[in-house]
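# Examining the three-dimensional arrangement
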Amino acid sequence: MIFEMFRPVHRWIWCDAERRAHKLLRFGETETDGGRDLVRASETTPDSLLRRLYLEHAIDEHRHGVMFRRRGNEILRSLAPGSNSSFQADWLAPSGHGVDDLRVDEEPDEALLAFLHLSEKNAADRFSVYRDVLENDIPTRAIFEEILRDEVFHMNYTLTQLARVSPQRHGRTLWYERLRRIWKSYLRMAAALGAVMGGFILTVQYFVILPPFAWLAKRAERRESPGWAPVSPQPNRPLQRQY
Amino acid sequence: MKILGVSAHYHDSAAALVIDGVPVCAVQEERLSRRKGDASFPLSAIQWCLDHACLEPDALDAVVYYERPMLKFERILTCALRAFPHSWRAFPKAMQNSLGERVWVRGIISSHLGVPSSRILFTEHHQSHAAAAFLTAPTRRAAILTTDGVGEWATLAVGHGERKPDGNTEITLLREIRFPHSLGMLYSTFTAYLGFAVNEDEYKVMGLAGYGRPTMVDQVRRVIRRTPDGAFTLDLGYFEFHTTTERSYSDRFVELFGPPRNSYEPIDLETAEGQRFADCAASVQRVLEDTLVDIARTLHQETGLTDLCLGGGVALNGVANTRILAESGFERVFVPSAPGDAGCALGAALYADRIHFHNPDRDVPDHPFWGPPADGVELARLAREDGHRFEELDDSTLIEQTADDLAAGRVVGWMDGALELGPRALGHRSILAAPHAVAMRDRLNRDIKFREEFRPFAPAVSIEAADRYFELPPGGARLARFMSGVFPVRKEWRQRLAAVTHVDGTARVQVLEHDMAPRLHTLLEAYGRRSGIPVLLNTSFNLAGEPIVNRVVEGYTTFRRSGIDVLVAGQTRLTKRASPLANAKEEVTCSRSVERSSAR
Ligand SMILES: [Fe+2]
Ligand SMILES: [Fe+2]
Ligand SMILES: [Fe+2]
C-alpha cells in the first residue's frame, strides 16, 4: 500500500496538536457531507433494502462527523490561545471520502455501490494508518478505532449488495469504477492545471493590459459623489438587453 | 401569456411560472437538487415548473432572467480596476467565474430550453426585487424599498409602485445606492467576522444580537458613515470584499473590533470573548436598523403613501422590519415570503408581464405555497416497505390525533400541500412542537436541528388569538403573515411560551389566517383546546445545513435521522418504533446467509 509507506510522514503530520484538531474538524465536515450524499442516495434509489442500508450508512457518517468535530474542538480548547500552525498537509493526509466527488442522482445503484465500496475501502485503509500513528493521543485513537469498525461494515455491505443487484457483472463494475476513478483524478488534475495556467495568463494580462484602464477607472471613481445615485429615467429600458 | 422567470448564479437559484398574469408555480433549485443555497442554473426547477403546468418550452412566450448579466460583469471588472493593484489575486478568479456561464446567460437559456433568443428578456436585479415585493402584495399603491448585498450595481433602491384602475401597472425606482456601499455586504461582513456562513447564517447574527448590548455602535458608525443626502457609504479601508475573494474584512477592521471568531469554536456567552461577539452583533444590528428606519422615514415623507413594500435579502431581518413598521410612518409593511434572490424569479416574470408586455393588472394570491405537493400515499408506501407503524386517517381524526401528540410532548414533522417559496416554513413543511418549556427548545436544538443554541424558534398562532399572546402593533399581523417581523411576547405569557421566546422577550411569530393554511389553523385550535394556548412552535422541516424538505421521501429520511417522533404527510401518520436502526443491519446479515445457502 502506497499509503502505508508514508507512515512516518503521517506520524509527523498528526503529532502537532493544533494541526490534528483542524484535521479532525475538517474530517468532521467531510463525513457529514458524505452522510448527506448517502441520504440523497436513499431518497432516490428504487430498491427498498438499499434505501434502508443507505440511510443507516448515512446515520453512521453523520455520527462520525459529530465525533470528529467534538474531538477536534476538545483539542482546540486544550491548546494555549494564539498558537497557530497553518500548514495542514491536506493533500498528504486526506479524510475519509476526501477527494471523491459524487453525483448521487445520476448514478444507478450498481455504479453507486461500486463507488461506495471503493471509497469505504480507501477510507478504512487511511483511517487504520491514522489510528496506528496516534499512539500518544488515546482518545483520538479510540475514535478512529470505533469509526473503522463502521467503515468495515460499510465496505462489506456495499460489496454484498453490489453482488445482489448485479450478480453477473459486479466484478466488471468494480473494475470499471476503478478506471473511472483514475480518469476522474486525471480530469481533476487537468482542470486544476488549466485553472493555474488560466490564472497565470489572466494575471499577466492584469499587469500588462489593465494599468491604463485602472487609471481611468480610478479617476472616474474620484468624480463620483458618495450617497444616492439617480436611477436612469427610462423605466422601460428594453428588456432584450443584457446590459 | 406564459412567462418563465429565472434567478441564478449568485445564491439560491429558482424558477417561477406566470400564466395570464398569475403565478402558477415557483420553486427554489436547492429544494430539488438537495444542495443548500444551490446557485447553479436552475434546470430542475425549470423542468418541474414546465411539467407542473404541462408545458413544453416552446410554448413559453418569454423567459425572463432576473438581472442584466453584462451590467454585473461591468461592475466586477470596474471594481477590479478600481482596486488595482490590490485586486491582482482576486482578478483571475473573478474573471474565470464570470466568463464561465454567468455572462452567457442568453446562450445558456436558449441552449437548455430551445427558446429563440428574441424571447429571452432581462430585468434589472432591483426591479425584480421591487416587483416581487410590490406585485405580490395586496396593495394598489405603495412605496418600495429594496436592499441586498448587491445586484448589478445597486445595493439599495427606493421608489414606488401603482396598480392603476385602468389595469396598467407602474413601478418607478427613484434612486439607488451603489456597490461597494451596501447594507447587505456590511451585515455579511459581520456574519463572516462572527464565524458564520455568509449568505446563509445572517439570521444567526440577528439571534446573537439579542444576547448583546450595542456597546460598539460608535465603532460600527466609523465603518459605515451617513452621507448628507441621507444615504450611506462604507469606509472601504475596513473591508476587503471588493478586492479579494478570501476575506471580507480588513486588518483595520480587526484592529477596531478585535480578533474574529473561529467558526469551529462555540460561542460561550459566559465568557468576555463570547459577550464581545454578542455586543458586536447587537451593534451592527442597531446601526442597520437605524439606517433603514431613516431611509424609510424619508421615503414616507416624500411619497406620502401609507403602504411600504420591502424587498431584497435584508428584508429577512425581522427585527429591522418591525422597527420600520413602528418608526417610519408607514401604516402597513409588506414583505414577500421570498424577499431574497429566489423570489426574484417570480418578480422578474411578473415585471415582464405587467411592465414590458403591458398585460392588465391581476391580483396575486396572497400565500407562499407555490412548490411541489406532499403526497401522503407515498409516505404510506415507504412506511409499508420499511415495516413502520402507520395509519391513514380522515382529516379531522388526523388533526385531533396530531394535537394529542403535540400535547403529549411529541415532536411532529408536518407536510401538507405545496412547498413554500422562500426560506421559511409557513405551515406546509414544518416541524411542530409544544412551545411551553425551555427543555423542548433544547431538545429540538440537540436532537433534531443539530445546531447552535442561541437562535430562537418561531411560534405560530392563529390570527384570532394572536393579540392575546403577542404585542402586535397596528400592521403587525400583516408583517407576521410570512414571519417577517419580531414582536414582544406578552409578559404574562413568556414563561408559558419559553421555547419560542427569545432572551430579549420577543418572538418571530407567524400569525396565521385560516384561508392561508386551513389544516394548520385547525390544528392550532385543536391544540389550544388541549393546552389552553393555541400556539405551536413552528420551525422549518430540515436538519442543520440541509435545505427544507420537499418530497415526502425527504421528510421521511429526515424523520428517520432525527428525534422527530411523528411524521404527518397528507392523510398519513407515521410513528417511530423502538429501534428501527438495528433492522437494516440484520437484513444484510440475513441476505448474506441467504446468499451463502443459495450458493451451496
Ligand atoms: Fe465514515
Ligand atoms: Fe463510511
Ligand atoms: Fe438580490
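Use the structure listed above.
So, here's what we can say about the structure. No experiment lies behind these values; they were computed from the predicted model shown.

This part covers the sheet that holds strand S6 (residues 141-147) of chain B. Read across the sheet, 6 strands follow the order S1(A)-S8(B)-S7(B)-S6(B)-S11(B)-S12(B) without closing on themselves; strand pairing throughout is mixed. Taken across any chain shown, the strands that pair with only one partner, and hence form the sheet edges, are strand S1 (229-230) of chain A together with strand S12 (332-334) of chain B. Here S6 of chain B pairs with strand S11 (residues 307-311) of chain B via 4 bridges, running parallel. Counted as the bridge partner of Ile144 of chain B is Cys309 of chain B from S11 of chain B.

All names here are of chain B. Its boundaries defined by the atoms lining it, the second largest pocket holds a volume of some 1000 Å³. What lines the second largest pocket is a set of 37 residues, among which Tyr10, Arg75, Ile76, Phe241 and Thr245 lie closest to the centre. Looking at the lining of the second largest pocket residue by residue, the classes come out as 18 nonpolar, 12 polar and 7 charged. Of the residues that make up the lining of the second largest pocket, three or more belong to each of domain 1 (2-133 + 347-366) and domain 2 (183-333).

Further remarks concern the sheet that holds strand S1 (residues 2-7) of chain B. All names here are of chain B. Pairing in this open sheet of 5 strands is mixed, and the strands run S3-S2-S1-S4-S5 from one edge to the other. Edge positions in the open sheet fall to strand S3 (22-28) and strand S5 (120-122), since each of these has one partner strand only. Going from strand to strand, the sheet's axes swing by 20° on average, the running direction of each strand aside. Across 6 bridges, S1 lies against strand S2 (residues 14-19) in antiparallel orientation. Its bridge partner lying in S2, Leu4 is registered against Leu17. Contacting S1, S2, S3, strand S4 (62-65) and S5, helix H13 (residues 341-356) runs over the sheet at an angle of about 145° to S1.

Further remarks concern the packing of aromatic side chains. What the rule picks out here adds up to 34 aromatic pairs over all chains. Residues Phe68 of chain A and Phe127 of chain A carry aromatic rings whose centres are separated by 5.9 Å and whose planes lie at 75° to one another, so their mutual orientation is edge-to-face. One end of the pair, Phe68 of chain A, is in helix H4 (residues 48-78); the other, Phe127 of chain A, is in helix H5 (residues 109-133), and 59 residues separate them in sequence. By the burial criterion, Phe68 of chain A is buried, and Phe127 of chain A matches it. Summarising the aromatic geometry, the rings of Phe239 of chain B and Phe241 of chain B are spaced 5.5 Å apart at their centres and angled 65° between planes, so their arrangement reads as edge-to-face. Each member of the pair, Phe239 of chain B as well as Phe241 of chain B, carries the same accessibility label: buried. An aromatic cluster is defined as three or more aromatic residues linked by ring pairs; in this entry it consists of Phe179, Phe190, Tyr193, Phe239, Phe241, Tyr249, Phe253, Phe257 and Phe277 of chain B. Here Arg252 of chain B stacks its cationic end above the ring of Tyr238 of chain B, 4.2 Å away from the centre of that ring.

Rules of the game
Residues numbered from 1 in each chain as written. Chains lettered and ligands numbered in written order. Predicted model: local features only at pLDDT ≥ 70, side-chain atom pairs only at ≥ 80, totals over all residues. Heavy atoms only, no water. Pairing = 2+ DSSP bridges. Helix = DSSP H or I, 4+ residues; strand = E, 2+ residues; numbered from the N terminus. 1 Å grid on protein atoms, 1.4 Å probe; cavity = no way out; pocket = protein on both sides within 12 Å on 5 of 7 lines; lining within 4 Å. Points joined across faces, edges and corners; volume = space filled by probe spheres on them. Nonpolar A, V, L, I, M, F, W, Y, C, P; charged D, E, K, R; others polar. Domains from an automatic or database assignment. Axes fitted to C-alpha atoms, helices over the stretch in contact; angles between N-to-C directions. Contact = heavy atoms within 4.5 Å. Phe/Tyr/Trp six-rings, centres within 6.5 Å; stacked < 30°, edge-to-face > 60°. Buried < 20%, exposed > 50% of the residue type's maximum accessible area, 1.4 Å probe, protein only. Lys NZ or Arg CZ within 6 Å of the ring centre and 35° of its normal.

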